[in-house]
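# Geometric and topological summary
Listed below are the residues making up each chain.
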Amino acid sequence: MSTPQSLEVELPRDASGFVRRQCPSCLRIFKTRPSRFDARVLHRRLLTLFPFENPHEGYEPVPCWTCFYCGHQAEADEWLVRDHVAYLESLARGLANHVRYEQLSHVSRTLAQNPRPTFVAVAPDALPENMPDEPEDLRPIHLVCCADEVKALWDWDGPFFCPRCGAHHGGLSGRQQIHLEFIQE
């Protein structure tokens, strides 16, 4: 068994293309459109879980995002949902096992140079499957500041913040409606 030559990992999306995020402070869930920094976020998290000799070479900066609900600000790699982190941890363990297996099986492949190995390399388990798709379980809210949408909890009535720019918005909720009327002059 050999390690895969290339591996694609991306955050799962719901049917509308939104990615689930979780605030590291209040732990509430919301969804945003995928960011161009999502690959860096996954790369940085894998670097912390699967260290190698030169981690500074792959460590690229990511922006700070804001919690939709409480306004907490943190770097983009702090917004991963627990399921995403658990998947990345199992992937890092799997990759480490594959690397270890390749290093140990090198002895078997070069047995002519070392006729009496003192161990036998055991093939690792397969790498975990991709994360499942996200359910459609939150309501969309349009943000005027960045001309984007965020999906939030259905029962959220309070003020909210734009995850990208941090702009504070009033508490207009899905339960309240704006009625427009034409007035005759």
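Scope of this entry: the structure provided in the associated data block. (Residues numbered from 1 in each chain as written. Predicted model: local features only at pLDDT ≥ 70, side-chain atom pairs only at ≥ 80, totals over all residues. Heavy atoms only, no water.)

## Notes on the pattern of salt bridges
Selection criterion: Salt bridge, as used here, is a side-chain nitrogen of Lys or Arg placed within 4 Å of a carboxyl oxygen of Asp or Glu. Helix and strand definitions here come from DSSP, where helices need a minimum of 4 consecutive H or I residues and strands a minimum of 2 consecutive E residues; each element is numbered from the N-terminal end. Each residue is placed in one exposure class: buried if its accessible area under a 1.4 Å probe, protein chains only, is under 20% of its type's maximum, exposed if it is over 50%, and partly exposed if it falls in between.
Under the criterion given, the structure shown has eleven salt bridges. A salt bridge links Asp14 to Lys151, with the shortest nitrogen-to-oxygen separation between them at 3.1 Å. Of the two residues, Asp14 is situated in the segment before strand 1 (19–22) and Lys151 in strand 6 (residues 148–152); the sequence distance between them amounts to 137 residues. For the pair formed by Asp14 and Lys151, the shared burial category is buried. For the salt bridge of Glu134 with Arg20, the shortest nitrogen-to-oxygen distance reads 2.4 Å. Residue Glu134 is found in the loop between helix 2 (82–109) and strand 5 (139–143), and its partner Arg20 is found in strand 1; the two are separated by 114 residues along the sequence. Judged by relative accessible area, which is 13%, Glu134 ranks as buried. Where salt bridges share partners, they join Asp14, Arg20, Lys31, Glu134, Glu136, Asp137 and Lys151 into one cluster.

## A closer look at the side chain of Arg20
How we decide: Between N or O atoms, a polar contact is any pair within 3.5 Å; within protein, one atom must be a potential hydrogen donor and the other a potential acceptor, and residues adjacent in sequence are included only when both atoms are from side chains.
Residue classification places Arg20 among the buried positions, given a relative accessible area of 11%. At a separation of 2.8 Å, a polar atom in the side chain of Arg20 contacts the side chain of Asp137.

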